[in-house]
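Residues per chain are reported as follows:
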Amino acid sequence: LKRLQLFIMIDIAEYKVGEVLDLEGCGGKKTKCGKALKACTVNIGDKQNPIMVVTSASNVRMGSRVVVALAGSNVLNEEGEEIKVTKMSVGGVMSEGMLCDSRMLLWSGGGHGVAAVMPDSFAIGSAPPEEKPRPKEPEPEPEPKVEVKGLFEKKLTKEEKKKLAEERRAARKAAKEAKKAAEAKQ
């Protein structure tokens, strides 16, 4: 019920899946807890007009698909209160939104302050899913066929063992003679 109440307050359909096009530091600026700030140029569906988002999330890389709460949308803060995202200067760079973590998206799992990274199968500019995407389970490889021998196999008789040993000796002798013949031709 709590998830449903929070979902009514926060509409994640306002958020967009975006792709990080460029990433640069904010001149050594850091958050209150000492994390380095990064300015991300993010494509949210219009590649000619990307937006700038400043973040301290350490897992953001160029080419990452992330979820962006645009200026004007609402997110949950650490206390679970609804706050409005506004366009503001962060670390000396104008930020037009914020990258969402799993908690802001009301997903189970995922770390606090770690940007929610989406698989490439989600279109840029689309709304994020209601549940955290999980990696598909790889199909198990078929088990190799194993030939099982019976427990009560017939043991070789003394004569059969002698015959088998004689055949192996003859094969080795033939291989040795073939090798000598090949060396003699050279």
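That block above? That's the structure.
Residues numbered from 1 in each chain as written. Predicted model: local features only at pLDDT ≥ 70, side-chain atom pairs only at ≥ 80, totals over all residues. Heavy atoms only, no water.

**Re a positive patch on the surface**
Logical step 1: Where like charges cluster on the molecular surface, the positive patch consists of Lys155, Lys158, Lys161 and Lys162.
Logical step 2: Along the polypeptide, Lys161 turns up in helix 2 (residues 158–185).
Logical step 3: On the basis of relative accessible area, Lys161 is assigned to the exposed category, the value being 52%. (Patch = residues over 30% accessible without salt bridge, like charges linked within 9 Å, V, L, I, M, F, W, Y side chains within 5 Å. Areas by Shrake-Rupley, 256 points an atom, 1.4 Å probe, with all protein chains shown as cover. Salt bridge = Lys/Arg side-chain N within 4 Å of Asp/Glu carboxyl O. Lys, Arg positive; Asp, Glu negative; His and termini not counted. Charge placed at Lys NZ, Arg CZ, Asp CG, Glu CD. Helix = DSSP H or I, 4+ residues; strand = E, 2+ residues; numbered from the N terminus. Buried < 20%, exposed > 50% of the residue type's maximum accessible area, 1.4 Å probe, protein only.)

**With respect to the nonpolar core**
Logical step 1: In terms of nonpolar packing, the biggest core is built from 16 residues, with Tyr15, Val67, Ala69, Cys100 and Leu105 touching the most fellow members.
Logical step 2: Elements represented by at least two residues in this core include exactly strand 4 (65–70) and strand 5 (74–76).
Logical step 3: The residues touching Leu105, leaving out its near neighbours within four places in the chain, are Ile12, Tyr15, Val67, Cys100, Ala116, Pro128 and Glu130.
Logical step 4: Core analysis: the next-biggest nonpolar cluster, separate from the first, contains 13 residues, Val20, Val42, Val53 and Leu70 among them. (Core = buried A, V, L, I, M, F, W, Y, C linked by side-chain atoms within 4.5 Å. Contact = heavy atoms within 4.5 Å.)

**A word on the environment of Leu21**
Logical step 1: Mapped onto the elements of the fold, Leu21 is located in strand 1 (residues 16–30).
Logical step 2: Exposure remark for Leu21: the relative accessible area of 25% places this residue in the partly exposed category.
Logical step 3: Setting aside residues up to four positions removed in sequence, Leu21 forms contacts with Thr41, Asn43, Lys47, Pro50 and Met62.

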